[in-house]
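Observations on the model geometry
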Amino acid sequence: MRIDRIRLIVQAFCFVFLIYGGILGFSIGNAVPTMACIYAEDRGGACFLYPFQRFMSLPLSTLIGATILPFLIYLGTFFLWGLVFGKAFCGWICPLGFLQDLLTRARQFLGIDGARFRWASRERFQWVKYALLALLILIPMGIGNSLGGLPKLSGDWAVPFCQICPGKPLLPLFSGDTSHLLIDFSSPVKLALTSLLMFLTGVFLIGGFVKRRWFCLYCPMAALLSLFDRIGFVGLKKKGEACTRCGNCYRACPMEIREIADERDRKHMVTQDCILCMRCVEVCPENKALSATLLGFPVFSASAAGFLKRQGCAPPLPIEDFPHDSNSN
Amino acid sequence: MIKRTRYLKGILCCLYIFLIAPLAAADPGYLWLEAGPQMRRMGGGDSEGAMQSGNTNSGMAHGRPVAGPNAPPRPASHARQVSADGHGASDTQSKSPPEKRAAMSHPAHYTLRLGWPAAASASCETLLTAEASILRPDGSAQKLIPHLETPEAVRIRDAALIQGRYVISASFDQTTGDTHYRLFTQATMRNTGEKPQRHPLPDQKDIHTRVPRFLIEDLSPDPGKNFARVHRKYTGDKLPVRLLLSEAPVANQPVTLTTASGWRQTLTTDEKGEATFALIKESFHDNEINKRPVTYFVTSEIRRPAHSRQGPRGEVLRSTLALLVYPSPLDWESRSAGLYALFLAMAAIGVVTAIRRRQRKRPCA
Amino acid sequence: MIQIQTDRDEKQAKRLSLHLAMSVREIFDRLALEQNRPEAMAPFDTLFKKFAEAPDEILPSRPVKKVGLYCVTVPEELVYAAGALPVRLCAGSTDAAEAGEALFPDVSCPLVKAAVGFTRTGALGFYRGCDLVVIPATCDWKVKLGDLLSRHVPVLMLNVPKHKTTETARLFWYDEIRRLCRALEKLTKTRITRGRLRASISLIHEAQAEFRRFQELRADDLCLISGRDAVEVANAWFYMDAASWTGHVRCLNEELAKRKQRGLGVMPKSAPRVLLTGSPVIFPNWKIPVLIEDSGGALVCDELCSSGRLLWDMASIDEPLYDDMFDALADRSLMPCTCPVFTDATDRRVKLLRMIRDYRVEGVVHHVLKGCHPYDMELRPLEAELAAAGVSQLKIETDYSPEDTEPLRTRIEAFIETLKGRRLKMGGAL
Ligand code: SF4
Ligand code: SF4
Ligand code: SF4
Ligand code: SF4
């Protein structure tokens, strides 16, 4: 079966678990590094970012005083999640990622061609997620502390990223809660943030429809998770000498990562935007040029036979894995 | 505007204290329960008891918060965190013994108050003789002994460790002159905590000594098992109540809703003893949006003539239901605007994308 | 004037047909003596014999538009999708090269000369009978070829970006492929739809699957098929319908697999394994493969755009949508192409090193056609790099004419001997 399809099934399962798991009393905690929105009532686990921003909004003395232990436990949980699954959260678990994939499927079903970034535009937007990450740490800190002697920010700034995260209005919709689709006129800050949220939600829906994984390029969670790109248990390796630089992997990559095709001398291919969806491995026609690894061992490798099968061409005779002598890795 | 009402209130208070109170020293007014400081925490359960100035969770987008900040329980820092969010009562640290409790759960902690709705009230030492009890979700009931926590506050407290709905009632008797006043009140609260274990409990019906009990019951539907959300009363909501006298509904009895600023509405109960109020809007907002709740009171009074010459000449039964009412978020937020904004954004971006794609469409001459 | 020219052309055409038939017969006379050839080669032999006997029957007789192609950089899928038949026109006949020579400078590519020769004289009908000839502007000769041919047939030039790693190059090429698509649609009056594209990609995928399997069988220690036969199989792709080619190669693969089980090879195991790379080897110019194998080398693989590279790179459908499939075709024909007309030579080097390892190659023969500048240009650095990796190499500079056969034979024999000696030295068993 195509990895793509397996992935969709896993994603759907995780989506149901994360959005409805609470009904059956499941919960995998509040430090899950994926956009399982905390505003969804029946969630079975919640997004790391909301509590994180709450923690950051404590006065510093409290944060490193009374709450240091819970905070460390909380960060540790996040670290473990990240270490074990890493970016696989994005490709296989994230409900928001799943929504984007569904939009892509809908587009494909309708037969509308997708859009791609120009290389320059893509690079131009790459800093956005880091900026968002910095803001979602700094703004809450500005609520609990007076940063550099500036006056404290008002409570309206609380959990700033959640206030503009498309997950907030969209994911609760699945448990029938439309109460986050609104504009709040109570203060200029609220007005601005909620309007921005509505705008970004619109952008999310249209962007996700037109371009694969549109939002993930800006997601601060991805920026956080890329801490584990090198050390995470799940990896993506490339065998440069087998690669013909045919560009199949780049074209199929939902994150439009060019390095995957163009870089030959690099072994670790989990780049800052990679969501470990393994699509590239699936469409690579060269034996063992790309492999998905678990703890360093290849679990799924590219192969010509597999490629042809997934492309819907069943070879009448099996093409063996060739070369037979895999003396180099 | 606010200032003027405050002056007015002040003058009324003075009038009350210096003129009316001595004259009418006889009448103690009503009894009600006001949420104590330990309940005024962020994300606290919804106490339908009186809470003069509960925090408003301004951190949430529109004052309707979900879970508490966090899974790890942080009993000590809660109050501080509230202040970190902008509003709130940083002075509400309590010195209660630490208890192991789930996130978002809190003890039942109430101040007993005596006085007149929307006018003046006090929590004086005389209230130490009041009788209070709590009915827990697992079916157990217990008497709560009022104690003097601060010189001005007589309070009752229960750890309330079990998940579910608690009913706290209190009663107070006073005889002045020739009238015997019997005052009752009831409050409900919801809490997270451990799941109740259902085992048979001894029948504890006799914990109330003051009979007949006259109660106003809040009949609002139970919001369900989900404690992640706080369920509150907002202006515009309906408030169904039932009057019970010794567990029997009281028909054709006038019952009055008093808003925080003194506006009143009186209904008469039907044959089932029920009446339904609409929580009309108060003047919450001034120049800026105020998301804090105010207390509304539902009161009822039964006057009984004297039975005989020996006993007190008359008996007055009074009951109160004090509840916090939040300004409806509809005052400052608009879903239709949100939807319009969303669709507009989608349409605009969609059109721009379509046009750009058309322009970019590669020339295929 | 025109009359005179036509007369001369006609005479030349007759002479060319005659000579071509002679050289073809010569090849097949030799082949007939050979034993131990796989039987499944018969359909390919039949095809090439027609060059002598029935030049008009070379192409399948289906009444479809014929689109002539040069180079591997034109995706054949598109031609099939438009309902036309692609014919690869790159030519290998020395007689045709002579016929075209008059228009060219002294040292110029024999392939292009031969193509012009065939087209001008019309000795092979389909060179003129094509409804459209698509020429990618790869090397300088191809660039000029367009001008020369356009006097005889309708020509569509495709601009090929030579520095392919930039974004502009890719987008440019995507546009060129779309332009080709429009031209084909106009020609056949068929809309290239998503379904048609998908079907034709699958068609080629099937051929590619067989081709990969064929290559894999060639990698076997046994030398299941001679290098010349492999070249013949690949060359047959030029003129055959994709489906029938796939069928024939499937039969061949099955036979080879059986031979593998029986342990039946065409070369002794002692034969040093040789890789051929460089300028294309096209029927009837099988000089080099024949020489290598006559000298006792086993030609186990080649990196030629006329055989080894022909069907290797596969297009991947990501989303079965119009844009994506076009881009897939464009990518597959440009990005992995190791033709030396592109600036970056690393791809070719990496590919050669990989083939040397996969096919356990002992010696590399560089084939440079006189006048083929790109291969010539790339040779020196490539040679140095391969030498650094410890690969024995032989450089052959030649053209289509059989004149230099004997000196070449001496050199190749010497090279093979060295390889044998080296194997002995390395302690390998003979
Ligand atoms: S709003 Fe976004 S960032 Fe906040 S909890 Fe929901 S998904 Fe996470
Ligand atoms: S990058 Fe995408 S998939 Fe990953 S957490 Fe963010 S929204 Fe989800
Ligand atoms: S698909 Fe495979 S061979 Fe092609 S560029 Fe990617 S890694 Fe290289
Ligand atoms: S590089 Fe591969 S695994 Fe990573 S996002 Fe792209 S296709 Fe998916």
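Quick caveat: nothing in here was measured; it's all calculated off a predicted structure.

Before going further, it helps to examine the overall build of chain B. For chain B, the count of helices and strands is three helices and 18 strands. Among the 365 residues that make up chain B, the fraction classed as buried is 50%. Taking the contacts inside chain B whose residues are at least 6 apart along the sequence as the reference set, 70% of them involve residues at least 24 apart. Carbon together with sulfur atoms contributes 57% to the accessible area of chain B, which is approximately 18000 Å² in total.

Residue and element names in this part refer to chain C. Relative to the 16 Å expected for 12 residues at 1.5 Å per residue, helix H2 (residues 42-53) spans 16 Å between its end C-alpha atoms, a close match to the ideal helical length. Phe44, Asp45, Leu47, Phe48, Phe51 and Ala52 are the residues of H2 that are buried. All buried residues of H2 lie within an arc of 160° about the axis, which places them on one face of the element.

Before going further, it helps to examine the site of ligand 2. The immediate surroundings of ligand 2 are formed by Met35(A), Cys90(A), Cys94(A), Leu96(A), Gly97(A), Arg213(A), Phe215(A), Cys216(A), Cys219(A), Met221(A) and Ala222(A). Breaking the shell around ligand 2 down by element, the ones donating at least two residues are helix H6 (95-110) and helix H12 (220-225) of chain A.

Moving on, we get to the site of ligand 1. Residues and elements named next belong to chain A. In the vicinity of ligand 1, the contacting residues are Met35, Cys37, Ile38, Tyr39, Cys47, Leu49, Tyr50, Phe161, Cys162, Cys165 and Lys168. Where the shell around ligand 1 is concerned, the elements lending two or more residues are helix H2 (49-56) and helix H9 (160-164). A per-class count over the shell around ligand 1 returns 10 nonpolar, no polar and one charged.

Bringing the nonpolar core into the picture now. Among the nonpolar cores identified, the biggest contains 152 residues, and Tyr70(C), Leu78(C), Tyr239(C) and Trp245(C) are the most heavily contacted of them. It is helix H10 (residues 227-239) of chain C that contributes the most residues to this core, eight residues altogether. Excluding its chain neighbours within four sequence positions, the residues that come into contact with Tyr239(C) are Leu47(C), Phe48(C), Phe51(C), Ile58(C), Leu59(C), Pro60(C), Val87(C), Arg88(C), Cys90(C) and Phe126(C). Core analysis: the second largest hydrophobic core is formed by 91 residues, Phe55(A), Cys165(A), Leu171(A) and Ala292(A) among them.

All names here are of chain C. The strand order across the open sheet built from four strands is S6-S5-S7-S8, with neighbouring strands paired in parallel fashion. For this open sheet the edge positions go to strand S6 (298-303) and strand S8 (392-398), each flanked by a neighbour on one side alone. For this sheet, the mean inter-axis angle between neighbouring strands, taken without regard to orientation, is 25°. Summarising the sheet, strand S5 (residues 273-278) and S6 pair through five bridges and their orientation is parallel. Bridge pairing links Val274 to Leu299 in S6. On the sheet, helix H12 (residues 287-294) packs against S5, S6, strand S7 (363-369) and S8 and is oriented at approximately 150° with respect to S6.

All names here are of chain A. For chain A, the assigned domains read domain 1 (3-225) and domain 2 (232-310). Summarising the inter-unit geometry, the C-alpha centres of domain 1 and domain 2 are found 27 Å apart. Here domain 1 packs against domain 2, burying approximately 2200 Å² in sum over the two surfaces, 48% of which is carbon and sulfur. Among the residues of domain 1 in contact with domain 2, Ile3, Lys87 and Arg116 are the three that bury the most area, contributing 25% of the side total. Notably, a salt bridge pairs Glu256 with Lys211, separated by 3.3 Å at the nearest N-O pair. Between the two partners, domain 1 and domain 2, sit 23 residue pairs in polar contact (both at pLDDT 80 or more). Secondary-structure elements contributing two or more residues to the side of domain 1 that touches domain 2 are helix H1 (3-20), helix H4 (68-84), helix H5 (88-93), helix H7 (119-124) and helix H8 (128-144). Top element by residues in the side of domain 1 that touches domain 2 is H5. It accounts for four residues. Broken down by class, the residue content of the side of domain 1 that touches domain 2 amounts to 14 nonpolar, two polar and 10 charged.

Cut-off values and rules
Numbering of residues starts from 1 in every chain and runs along the sequence as written. Following the order in which they are written, the chains are lettered starting with A and the ligands numbered starting with 1. The model is predicted, so local features are restricted to residues of pLDDT at least 70 and side-chain atom pairs to those at 80 or more, both for listing and for counting; the totals for chains, interfaces and linings are taken over all residues. With hydrogens and water excluded, all non-hydrogen atoms of the structure serve as input to the side-chain values. Labels follow the DSSP assignment, with helices taken as runs of H or I lasting at least four residues and strands as runs of E lasting at least two, numbered in each case from the N terminus. Only protein chains enter the accessibility calculation, which uses a 1.4 Å probe; a residue is then buried when its area is under 20% of its type maximum, exposed when over 50%, and partly exposed in between. What makes two residues a contact is simply this: any of their non-hydrogen atoms within 4.5 Å. Computed with the Shrake-Rupley method and a 1.4 Å probe, the accessible areas treat only the protein chains shown as cover for residues. Helix span, as expected, comes to 1.5 Å for every residue beyond the first. This arc corresponds to the set of directions leading from the helix axis out to the C-beta atoms. We call a residue near a molecule or strand as soon as one heavy atom of that residue lies within 4 Å of the molecule or strand. Under the scheme applied, nonpolar residues are Ala, Val, Leu, Ile, Met, Phe, Trp, Tyr, Cys and Pro; charged residues are Asp, Glu, Lys and Arg; polar residues are all the others, including Gly. Within this scheme, the nonpolar core is defined by two criteria: the residues are buried Ala, Val, Leu, Ile, Met, Phe, Trp, Tyr or Cys, and they are joined through side-chain atoms within 4.5 Å. Strand pairing follows a simple DSSP-based rule, namely that at least 2 bridges must link the two strands. Note on geometry: axes are C-alpha line fits, over the in-contact stretch for helices, and angles between N-to-C directions span 0 to 180 degrees. Domain extents, as shown, originate in an automatic or database domain assignment. Once two parts are brought into contact, the accessible area they lose, counted with a 1.4 Å probe and summed over both, makes up the buried area. Salt bridge, as used here: a side-chain nitrogen of Lys or Arg that lies within 4 Å of a carboxyl oxygen of Asp or Glu. Residues adjacent in sequence count toward polar contacts only when both atoms are side-chain atoms; beyond that, a polar contact is any pair of N or O atoms within 3.5 Å, and within protein one must be able to donate a hydrogen and the other to accept it.

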